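A look at the structure
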Amino acid sequence: LRQNEERLRQLFDRSGTGVGRLGVDGRIETCNNAFLAIAHHDSSSGKAFAELVHEEDRAAWRAEFAKLVRRECDSFDFEGRLAGREAAPRRIHT
């Protein structure tokens, strides 16, 4: 079991795709290095994901996430922009 856990952790950490898990409150519980690179943050654990979303897209993100939390849907599909330190926001699809 520990070996399987370690293998999964390595896959998670080494993935080139940004992967994270949010709590029902929308806060980031865990994420991999690719996620941090995409979000341009050193550490995102405990941060509300909405803080990373471009301010013009936050209301839409919160509305879609709330549907998931209320179990009004089985999956979460959002396309928007991350607010970054650079001039142009980055497009994301979750």
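The structure under discussion appears in the preceding block.
When helices and strands are counted, the chain shows three helices and four strands. The secondary structure elements of the chain, listed N-terminal to C-terminal, are α-β-β-α-α-β-β. In the chain, buried positions account for 31% of the 94 residues. Of all intrachain contacts in the chain linking residues separated by at least 6 positions in sequence, the fraction that spans at least 24 positions is 27%. Entry remark: accessible area of the chain is about 6700 Å², with carbon and sulfur atoms responsible for 48%. With 16 positive and 16 negative side-chain charges, the chain shows a separation of 3 Å between the mean positions of the two kinds.

Glancing now at the environment of Cys31. Within the secondary structure, Cys31 sits in strand β2 (residues 28-31). A relative accessible area of 16% means that Cys31 is categorised as buried.

Let us now look at unusual backbone geometry. The phi angle at Arg71 is positive, at roughly 60 degrees, despite the residue not being glycine. Within the fold, Arg71 resides in the loop between α3 (58-69) and β3 (79-82).

On to the packing of aromatic side chains. On inspection of all chains with the given rule, the structure shows three aromatic pairs. Taking 4.9 Å as the distance between ring centres and 10 degrees as the angle between the ring planes, the aromatic pair formed by Trp61 and Phe65 counts as stacked. Separated by four residues within a single helix, Trp61 and Phe65 lie in helix α3, roughly one turn from each other. This pair shows no difference in class: Trp61 is buried, exactly as Phe65 is. What links up through ring pairs into an aromatic cluster is the set Phe35, Phe49, Trp61 and Phe65.

Attention now goes to the environment of Ala39. Among the secondary structure elements, Ala39 is positioned in helix α2 (residues 33-39). Classification of Ala39 by relative accessible area gives buried; the value is 4%. Measuring from C-alpha to C-alpha, the distance between Ala39 and Leu1 comes to 32 Å, with 38 residues separating the pair along the chain. Each residue touching Ala39, except ones within four places of it in the same chain, is listed here: Leu52, Leu82 and Arg90.

Here we come to the pairing of strand β4 (residues 90-93). Residues of β4 alternate between two faces, with Arg90 and Ile92 buried on one and Arg91 and His93 left unburied on the opposite face. Bridge analysis of β3 against β4 gives four bridges, and the strand direction is antiparallel. Bridge assignment links Arg81 to a residue of β4, and that residue is Arg91.

Let's shift gears to the pairing of β2. In this sheet, β2 lies alongside strand β1 (residues 20-22) in antiparallel orientation, the contact comprising three bridges. What sits directly across from Arg21, in β2, is Thr30. Here β1 hands over to β2 after five residues, with Gly26 in that stretch at a positive phi of 85 degrees.

Cut-offs used in this document
Residues numbered from 1 in each chain as written. Predicted model: local features only at pLDDT ≥ 70, side-chain atom pairs only at ≥ 80, totals over all residues. Heavy atoms only, no water. Helix = DSSP H or I, 4+ residues; strand = E, 2+ residues; numbered from the N terminus. Buried < 20%, exposed > 50% of the residue type's maximum accessible area, 1.4 Å probe, protein only. Contact = heavy atoms within 4.5 Å. Areas by Shrake-Rupley, 256 points an atom, 1.4 Å probe, with all protein chains shown as cover. Lys, Arg positive; Asp, Glu negative; His and termini not counted. Charge placed at Lys NZ, Arg CZ, Asp CG, Glu CD. Phe/Tyr/Trp six-rings, centres within 6.5 Å; stacked < 30°, edge-to-face > 60°. Pairing = 2+ DSSP bridges.

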